[in-house]
Amino acid sequence: MPRCVQLTFLASFLALCWLAFLAVHELGHVLAAWMTGGVVSYVVLHPLKLSMTVLADNPHPGCVGWGGPVFGILAPFCSYAIANALRSSQTHLFRFFCGFCCVGNGVYLLVDAFAQSGDGATLIHAGTAKWAIVLFGATATPAGFWLWHGQSRHFGFGPAARKIEAGDAIVSVLLLIGVTGLELACSSV
């Protein structure tokens, strides 16, 4: 397998996972806000910025605070479960993304339970105990690593490595360009 094809696929897929992780996390905040009577002012989803959801009115900040990380794990897990049930040939991509979201949300809350600069601050100010935030992060992070375990062959590594086709890399790059373009076109901040 040409190494440049594998590296192109890996780099574009990791970048795509990052952007999708942020989008799913923010969607969780938005849905929680809408479900609890909150009013969303705007959402920052820009490829060169950290994402955030800004609310004009947030009557239930604890629920909205938990919405991002909880939905940010449950939605990818559901997509992985569906792909697995359908025996999709791309199940490994859904599994990797699910693991990515578990690690991303888990590490984010582990760090922010102490840094208190984002969702951690919102949750603590809403009355969530720091230990609950740490427990969420300490559970989600290893779950993500568990989902990644044994998947390296699907990404061209190890003795039973699957060949990464040029078409895989092209699709991944095109998806990344599409998501990046969509975020840039919709970004007002």
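Structural data are supplied above this passage.
Residues numbered from 1 in each chain as written. Predicted model: local features only at pLDDT ≥ 70, side-chain atom pairs only at ≥ 80, totals over all residues. Heavy atoms only, no water.

A.B. asks: Please clarify how the side chain of Ser12 should be interpreted in this entry.
C.D. replies: Assignment of secondary structure puts Ser12 in helix α1 (residues 3-35). A polar atom in the side chain of Ser12 sits 2.8 Å from the backbone oxygen of Thr8. In terms of polar contacts, Ser12 uses its side chain to reach the backbone carbonyl oxygen of Phe9, at 3.1 Å. Not counting chain neighbours up to four residues away, the residues in contact with Ser12 comprise Ala169, Ser172, Val173 and Leu176. (Helix = DSSP H or I, 4+ residues; strand = E, 2+ residues; numbered from the N terminus. Polar contact = N/O pair within 3.5 Å; in protein donor to acceptor, adjacent residues only side chain to side chain. Contact = heavy atoms within 4.5 Å.)

A.B. asks: Looking at this structure, how should I read the nonpolar core?
C.D. replies: Generally speaking, soluble globular proteins have nonpolar side chains that are buried together. Membership of the largest hydrophobic core comes to 16 residues, with the highest contact counts inside it found for Phe9, Phe13, Cys17, Phe21, Phe96, Phe97 and Phe155. When contributions to this core are tallied by element, the ones reaching two or more residues are α1 and α3 (91-115). Residue contributions to this core peak at 8 residues, all from α1. Beyond its immediate sequence surroundings of up to four residues, Phe97 is in contact with Cys17, Ala20, Phe21, Val24 and Pro76. Judged by nonpolar contacts, the second largest core, of 11 residues, contains Ile73, Leu123, Ile133 and Phe136. (Core = buried A, V, L, I, M, F, W, Y, C linked by side-chain atoms within 4.5 Å. Buried < 20%, exposed > 50% of the residue type's maximum accessible area, 1.4 Å probe, protein only.)

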